[in-house]
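# Results of the structural survey
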Amino acid sequence: MTANSAVSSGGPPARLGRRRRQSFSRLTVADALAAFSVVTALCGLGGLFDDVSEALALLSIAAITGGIGFTGRRMLQPRRRTPPGRVVSGLASAWIAMVVAGMAVYLLTGITSQVDDALFESAAGFSTTALSTLDVDEFSTTMHIWRASTQWIGGAFGVLAAVIALPSAMRGSVQIPRGHGRRLDRLAPTPAVGRRRVVGIYSGLTALCGLGYLVTGLGTRDSVVHALTTVSTGGFSSRTDSLASAGTGSQLVATVFMLVAGMSYFALWWALRRHSRRFLESSELRLYLSIVVLATVALLVSVDGIPVGDALFSVASAVSTTGYAVSDWTVYPPAALSILLVVVATGSMGASAGGGLRVARVRSLVDFANRELRRQLDPNSVTVVMADERAIDDRELERLTGYQIAHFGLAAVGAFFLALVGVDLITALWTAISVLSTAGPAPGTGAFGDATALGADGRLLLIPGMLAGRVTILPLLLALVSVLRTKDRAMRRVKRMLRSRR
Amino acid sequence: MKFMRLLEARRSTELHHRRGGVRSTALHVMGIALSFVAFGMFITAALEWGSTNRDTAALFWSGVICLTLGGLLWWATQPGAARSRDVFAAVGWTWVVVTLIGALPYLFAGTFATNGVGFIEQVVNSIFESASGYSCTGSTALLEFDRPGRGLLMYRQATQWYGGMGIVVLAVAVLPFLGVGGLDLMTAEAPGPSSDRLTPRVSETAKRLWATYVLFTVAVAVVLTVLPGASLYDGVAHSLTTASTGGFSPYGDSIGHFDSITIEVVLIVGMVIGGTNFAHHWRALQGHPDGYVRDPEFRGYILMLVVVASAVVGLIWIDGGFGFGTALRAGVFNVVSLGTSTGFGNATGSGSPGDFVLWVPAAQMMILFLMVTGACTGSTSGGIKVMRIQVLIGHSIRSIKRDQHPRAVIPVKHGRHAVAEDIVSRMAGFFLLYLLLVLTGVVIVTALGGGLVESIAAIVGSLGNMGPALGEAGPTASFSTAFSQPARLVLALFMLIGRLEIFPMVLMFAAPLRAIRDRT
């Protein structure tokens, strides 16, 4: 199996006499739908003891998606060498397929009759964005758990994409160790083993988190729901006030697991293998924790009377891009808001379930800017930008800067379109940044992520941003580039026409 | 021109006939610049004496201090090394000192000594006003425009003219003259052979650009006085801040004071010209106007203004509840004013159509983007500049293409020219530094008590040398009510950082630090 097919299972070898079609994209879609169907079926089976009509709806969708997914897995096999563009388009297609299937669930179960609301809720789920238009008080336990599961699947999808698929397809764009091998900085010798390990860590963390919630008295349903949405950095809650009314113990559990969820799976793997030195020596981890400490101190200084726990919780929620809240942080003083915005934009560590620019990239960008500053003094100087004792080559830096500039550009375009549909300036800017970071809440939506304030048009505009935040900005950028190419071609045609007339 | 000749003479003296005295490029340039500024103080003192005669002494004694200090520095020092760090230190420290000394007339005249304003706040406001002037930003801490005399208000206008000229001179002439420098950076950013060197000799280039600048200022003054019938004082005052894309006006309601479409049209044309590369103007004067059309940056600049102006007019016409004519007038004027980083406003008062704080969010968002973008390189405007934006878009698109075709050799193009990799890299570095400064600035200003929308717009506006911000610091408001004293000082610093395009202000500490390190 090639590196690029890491997210796809690859399935058993082709049987003699039956040729399986090679397609990375379709196989990834099939894999995603298969995973979706399994989770939905489990929720449906559980729902038979809760709400039969919803359970039947879930089981029917599970049957359809499972049929497509598992058939696809049998009929398809990954390409030996998949170009990066195909990997990205495969991931984007898989995400879209899951969102459409999720939308069908919302509509079929009667949670909402509005297609746009169902689409938004599903996209928010699979992108692990904590924005919602639905009243969670009206949900059954089954639907609470299924809705949280969408974020859990979305989180797993994001981690697998970041740890296995993208690094090998787009070397350098995600700053984590590259390739496969036996060295300690490699998660696994093969993508299949890597995938198993990632899913193992992810599931283990979910179980531990759920146990923590249960022990601290959150209740069974809420523990399951919040465990699923904490480890995935999703932020959906079964309560209208997120975790504000939860006990201090549960809030502490949430804080710890949000911070862990925002850590690199490589670092977590090293910690599990008891390579504590390597774990502690990770410069990205140290920077990540420094950001948490500094931002918490800054919040304590800027918000009068804020408890330490609340400040740490708000920062953990922002840095891991989860989106939980224990208090209405939108009424904090502007200084605290600006700090939270910077933290949300920076986001979590690379190769984690969180989103944002990622700590390692931000550090590299700062190092790059510093290098250019030094070059002003001595244009002939040779300065190398390092990341964890590894020199980042110029080509990698070039791609990094190119992508991050595009990231800022997309945030600006997103903010403009939100403003165009009437969202106020700060909410538009914040929401665009927050959605690209897969966090969600903004001053205009309130701390608990009520997306109704954005209007139907605003919510639809956010969906591409959610895709960009969860998968990568590349699909959106490719779409923009193709628009520019079309424009160029049209201009050339017009010029040719004018020339011929002359 | 005299300034340039003297500077050149000093340079040749340094090369061929080294004499005694402290060798410091920074102190030497500072001395020349202060002497130059003193000249303006004396002229405006004379104007004040001949008109309102309230602040004559303040201007005169400020000029005396400025000239004494400048003269001493000039004659007691001689240019030292012209390494990059020395040049950055010279430029950066000169601007800081000129800003501080430039605050003296306001302080001596008690311009900000209104009820309840203490001495410290007067100092802060004076420095803020001075920084806003020399950096051509146009933000103001003034609340009572009737208080200063006509001479002092003209001095305030002249600071922007110095600033606009200063940046051109320092960037185009002085720094290359010293070996390396600001416009060397900008020229290096230009694709292919430099389009800004009008002649092989830098001093000649500087002279020509100077001539263009003066001619342009005079032309705006004449047109303003003759065509719409503004008074000579108003014509001259506004021509100084139009040519420099500064945006100061002797009136609290800026151009809204005149409520004249003709004046606004003249200023729109003036601002567009001020935001264009001055090298093109010189070539146009020489009978080669095709430089404009050939320059992809100029085309992008005009396209940007047309598209944004159309969009804003459409938005405030449809959603803003204004009639088409009103929307057209308010939209086009403000877009051009902010797109060229001038900062004039045509609001006749709070709540009038020109008060863009009241526009729909999308129109305000466009204004915020304009504050970042700025106009053309080689002009007197601020912001990131259109050329950098164009190259950075190309850079991002190349990154995407490279993922599809990893082995392809894809140059970043500006027009038909491929941009050298180190220049692309430098521009990316500049952009990232710019963003880093915006984020840092917003956190600092909000921590010092600024509102979020005001702080974002003020920091972006200060770095882009724009002038008015959004929210409580809009075109009809004063920064002294919207921001605390320390926040105003931070904004003043950001204005200088923006005007010098970051590098000189950030690197000006390199030479002194190196000197200290060498000694220890």
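Residues numbered from 1 in each chain as written. Chains lettered and ligands numbered in written order. Predicted model: local features only at pLDDT ≥ 70, side-chain atom pairs only at ≥ 80, totals over all residues. Heavy atoms only, no water.

This brings us to the overall build of chain B. Along chain B, the regular secondary structure elements total 23 helices and four strands. Counting only residues that meet the buried cut, chain B has 63% of its 520 residues in that class. Carbon and sulfur atoms make up 66% of the accessible area of chain B, which totals about 18500 Å². (Helix = DSSP H or I, 4+ residues; strand = E, 2+ residues; numbered from the N terminus. Buried < 20%, exposed > 50% of the residue type's maximum accessible area, 1.4 Å probe, protein only. Areas by Shrake-Rupley, 256 points an atom, 1.4 Å probe, with all protein chains shown as cover.)

Another aspect to go through is the overall build of chain A. Summing up its helical and strand segments, chain A has 18 helices and four strands in all. A sequence separation of at least 24 residues applies to 72% of the contacts in chain A between residues at least 6 apart. Split by element, the accessible area of chain A, about 19900 Å² in all, is 61% carbon and sulfur. (Contact = heavy atoms within 4.5 Å.)

What follows covers the confidence of the model for chain B. Looking at chain B, pLDDT values average 83 and 87% of them are 70 or higher. Segment residues 12-18 of chain B: pLDDT under 50, and seven contacts once partners within four positions in sequence are set aside and those in other chains are kept. (pLDDT = per-residue confidence, 0-100.)

Time to look at the packing of aromatic side chains. The tally for this structure, following the rule as stated, stands at 25 aromatic pairs over all chains. Between F60(B) and W61(B), the aromatic rings sit 5.2 Å apart at their centres with planes inclined by 75°, giving edge-to-face as the arrangement. Overall, the relative accessible area of 38% leaves F60(B) in the partly exposed class. Linked through ring pairs, F36(A), Y106(A), F126(A) and W146(A) together constitute an aromatic cluster. Across from the ring centre of F248(B), 3.8 Å away, lies the NZ or CZ of R156(B), which sits over that ring. Positioned above the aromatic ring of F430(B) is the side chain of R388(B), whose terminal nitrogen or guanidinium carbon lies 3.8 Å from the ring centre. (Phe/Tyr/Trp six-rings, centres within 6.5 Å; stacked < 30°, edge-to-face > 60°. Lys NZ or Arg CZ within 6 Å of the ring centre and 35° of its normal.)

Right, let's get into the interface of chain B and chain A. Opposite the 51 residues of chain B that make contact, chain A presents 47 residues. In this assembly, chain B packs against chain A so that about 4100 Å² is buried in total across both faces, 75% of it on carbon and sulfur atoms. Between the two partners, chain B and chain A, sit one salt bridge. For E398(A), the salt bridge is made with R398(B), and the minimal N-O distance between the two is 3.5 Å. In this structure, the connection of chain B to chain A is made through seven residue pairs in polar contact (both at pLDDT 80 or more). For the side of chain B that touches chain A, the secondary-structure elements that each account for two or more residues are α4 (84-102), α16 (361-373), α17 (386-404), α18 (421-447), α19 (452-463) and α22 (503-507) of chain B. If one sorts the elements of the side of chain B that touches chain A by residue count, α18(B) sits on top with 15 residues. Of the residues in the side of chain B that touches chain A, the class split is 32 nonpolar, 11 polar and eight charged. (Buried area = accessible area lost by both parts, 1.4 Å probe. Salt bridge = Lys/Arg side-chain N within 4 Å of Asp/Glu carboxyl O. Polar contact = N/O pair within 3.5 Å; in protein donor to acceptor, adjacent residues only side chain to side chain. Nonpolar A, V, L, I, M, F, W, Y, C, P; charged D, E, K, R; others polar.)

Now for unusual backbone geometry. Excluding glycine, a negative phi dihedral is what most residues carry, and trans is how most peptide bonds are arranged. Of note, the phi angle at R358(A) is positive, near 90°, even though the residue is not glycine. Mapped onto the elements of the fold, R358(A) is located in the loop between α13 (334-346) and α14 (359-377). Its identity as a non-glycine residue notwithstanding, K385(B) has a phi of 90°, on the positive side. Along the polypeptide, K385(B) turns up in the loop between α16 and α17.

Residue and element names in this part refer to chain A. Here helix α16 (residues 425-436) crosses helix α17 (residues 455-470) at 40°, and the two axes come no closer than 7 Å. Relative to α17, α16 is oriented oblique. Note on element contacts: α17 touches α16 through L462, G465, M466, A468 and G469, opposite T431, V435 and L436. Residues of the contact of α16 with α17, tallied by class, amount to five nonpolar, three polar and no charged. (Axes fitted to C-alpha atoms, helices over the stretch in contact; angles between N-to-C directions. Parallel < 35°, antiparallel > 145°, perpendicular 65-115°, else oblique.)

On to the pattern of salt bridges. All names here are of chain B. Inspection of the entire model under this criterion finds 19 salt bridges over all chains. The partner of D290 in a salt bridge is R294, with the nearest N and O atoms 3.2 Å apart. Highlighted residues: D290 and R294, both in helix α13 (residues 290-294), separated by four residues, approximately one helical turn. You can call D290 partly exposed: its relative accessible area is 34%. Look at R294 and you get exposed, because its relative accessible area is 64%.

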